[in-house]
Amino acid sequence: MTNYFSSDFKLGILGGGQLGKMMLYETRKYDICTYILDPNPDAPCRIACDHFYQGDLMDYDTVYKFGKQVDVLTIEIESVNIKALEQLEDEGKKVYPNAKTLQKIQNKGQQKLFYTQKKIPTANFKRFSNKARLIEGITTNKVKLPFVWKSTQGGYDGKGVSIIRSGADITKIIDTECIAEELIDFKTELAVIVARTPRNEIKTYPVVEMEFHPEANQVEYVICPARIDEKLARKAREIAEKVSQAFEHVGIFAVEMFLTKDDQIIVNEVAPRPHNSGHYSIEASYTNQFEQHIRAILDLPLGSTDNKVSSIMVNLVGAEGYLGNVIYKNIDTIMRMEGVTPHIYGKKKTHSYRKMGHVTIINKDIAKARKIAEKVKKTIKVISE
């Protein structure tokens, strides 16, 4: 086995945001040398890595040159130059997840087609090359209102997704390649984190339940374990494992799903990296998702995915109407609450709904944890000077 610890081994991470920063908690614990590439000179990762490079993640030469310096390359964001990764792989570099997997996931239209080809349950959809084609599809009755509009590329944290209920809603969407997806009447949104190694050791984390902000379309609360029947939880984990195997993914893989009114589970989207729905694991799991990602991409034995305790994760996002240097109002108040741990991502500037941190609440009683989470949400405010 390669000696990764206190050695000259180099791990490269494309992206220097909060997910990379939380990965670095684990690489520092194991004394693994890290290289980070990010376009932002003040990226959260800068303070914790061994070597930081500023550069465009979508630029072929930048990504290729960066990748040549390291032994294993991974990501914390999907928007990276695929051609550069392909070239690095052709030259023998280990890239996890690989370019082939990322290419299928980067474009939501291709991602949905892949589910259909692999017989993975998902909402019905149609692809359109631009806005005019979509309008034509509506007028010819190929697409029925209401539906979910998604841009095929570039969407994240609720951006690039809209529910289209009328002609007025269509005027607000951008002119781009898109999919029109059936609007699912669901009971709740679920997610499962899967970890998989190059040797195909695979483990799933407990199913979580997600509650979304109605305007921002961002996750407000992640509840673990999900408050669903055990039989449905087993089914969700089985589907998530099937999806990961189909993509031949290596590392952490998040599978977002809908639980329908008639108890069917269908796949919504996936993320080939540590994910917001797994942040609770830092306090609540035997092996958190960030350590597990490092273990998986280095082909080390996977740790236990069991919960030590029930938990709720609350996203900290910029309060609406604020822009500028961030202030975490009343953070000292929530720190007095039992079982409450805030995580601050290190972004100096806030704006409306920007992800600035999260708070984990742990409690043996999930109902009590949920009440504390609501109190936390009402107390702490992410504002500006």
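Residues numbered from 1 in each chain as written. Predicted model: local features only at pLDDT ≥ 70, side-chain atom pairs only at ≥ 80, totals over all residues. Heavy atoms only, no water.

**Some details on the sheet that holds strand β5 (residues 94-95)**
Hydrogen bonds along the backbone pair up the strands of a sheet, which may run parallel or antiparallel.
No. 1: Pairing in this open sheet of five strands is parallel, and the strands run β3-β2-β1-β4-β5 from one edge to the other. The open sheet has two edge strands, β3 (51-54) and β5, and neither has a second partner.
No. 2: As defined by bridge partners, strand β1 (residues 10-14) adjoins strand β4 (residues 72-75) across four bridges and the pair is classed as parallel. Its bridge partner being in β4, L11 is matched across the sheet by V72. (Pairing = 2+ DSSP bridges. Helix = DSSP H or I, 4+ residues; strand = E, 2+ residues; numbered from the N terminus.)

**So, the pattern of salt bridges**
No. 1: As enumerated under the stated definition, the model contains 21 salt bridges in all.
No. 2: Linking K112 and E181 is a salt bridge whose minimum nitrogen-to-oxygen distance equals 2.8 Å. Of the two residues, K112 sits in helix α5 (residues 108-117) while E181 sits in strand β9 (residues 178-182), which places them 69 residues apart along the sequence.
No. 3: Classification of E181 as buried rests on a relative accessible area of 3%.
No. 4: The closest approach of N and O atoms between E181 and K150, which form a salt bridge, is 3.2 Å. With E181 in strand β9 and K150 in strand β7 (residues 147-151), the pair connects residues that are 31 residues apart, well separated along the chain.
No. 5: Exposure remark for K150: the relative accessible area of 4% places this residue in the buried category.
No. 6: A single network of salt bridges, built from pairs that share partners, joins E209, E211, R227, R370, E374 and K378. (Salt bridge = Lys/Arg side-chain N within 4 Å of Asp/Glu carboxyl O. Buried < 20%, exposed > 50% of the residue type's maximum accessible area, 1.4 Å probe, protein only.)

**Things to note about the environment of A240**
No. 1: Tracing the sequence through the fold places A240 in helix α8 (residues 230-247).
No. 2: Take A240: its relative accessible area is 0%, and that puts it in the buried class.
No. 3: Separated by 89 residues in the primary sequence, A240 and S151 have C-alpha atoms spaced 24 Å apart.
No. 4: Residues contacting A240, with those up to four places away along its chain left out, are V192, V194, V255 and M257. (Contact = heavy atoms within 4.5 Å.)

**Some details on the sheet that holds strand β21 (residues 381-384)**
No. 1: If you walk across this open sheet you meet the three strands as β19-β17-β21, and the pairing is antiparallel. Sheet topology places β19 (349-350) and β21 at the edges, where each strand pairs with a single neighbour.
No. 2: Relative to β21, strand β17 (residues 324-329) runs antiparallel, the two sharing four bridges. Bridged to V326 within β21 is S384.

**Section: the nonpolar core**
No. 1: Within the largest apolar cluster, 26 residues are counted, with the highest numbers of intra-cluster contacts made by V243 and V255.
No. 2: The set of elements that each furnish at least two residues to this core consists of α5, β10 (186-196), α8, β14 (251-260) and β15 (265-271).
No. 3: Residue contributions to this core peak at eight residues, all from α8.
No. 4: Beyond its immediate stretch of four places on either side in the chain, V255 contacts L190, A191, V192, V194, A240, V243, V267, E269 and V270.
No. 5: Within the second largest apolar cluster, 24 residues are counted, among which are I13, A43, F52 and V250. (Core = buried A, V, L, I, M, F, W, Y, C linked by side-chain atoms within 4.5 Å.)

**What to know about empty space enclosed by the protein**
No. 1: Under the counting rule described, the total for this entry stands at one cavity of 30 Å³ or more.
No. 2: Of the voids in this model, the largest cavity is the one considered here, and its volume is about 40 Å³.
No. 3: Taken together, K108, Q111, K112, K150, I179, N268 and E269 form the lining of the largest cavity.
No. 4: Elements supplying a minimum of two residues to the lining of the largest cavity: α5 and β15.
No. 5: Here the element with the most residues in the lining of the largest cavity is α5; it accounts for three residues. (1 Å grid on protein atoms, 1.4 Å probe; cavity = no way out; pocket = protein on both sides within 12 Å on 5 of 7 lines; lining within 4 Å. Points joined across faces, edges and corners; volume = space filled by probe spheres on them.)

**Remarks on the packing of aromatic side chains**
No. 1: In total, this model carries ten aromatic pairs according to the counting rule given.
No. 2: Judged by centre distance (6.1 Å) and plane angle (10°), the rings of Y35 and Y53 are stacked. Taken together, the residues span a long stretch of sequence, with Y35 in strand β2 (residues 33-38) and Y53 in strand β3 at a distance of 18 residues.
No. 3: A relative accessible area of 31% places Y53 in the partly exposed class. (Phe/Tyr/Trp six-rings, centres within 6.5 Å; stacked < 30°, edge-to-face > 60°.)

**Observations concerning the layout of surface pockets**
No. 1: By volume, the second largest pocket is sized at about 270 Å³.
No. 2: V317, A319, K377, I380 and K381 are the residues nearest the centre of the second largest pocket, which is lined by 16 residues in total.
No. 3: At the level of secondary structure, the elements contributing two or more residues to the lining of the second largest pocket comprise β13 (219-224), β16 (311-317) and β21.
No. 4: Of all the elements, β16 adds the most residues to the lining of the second largest pocket, at four residues.

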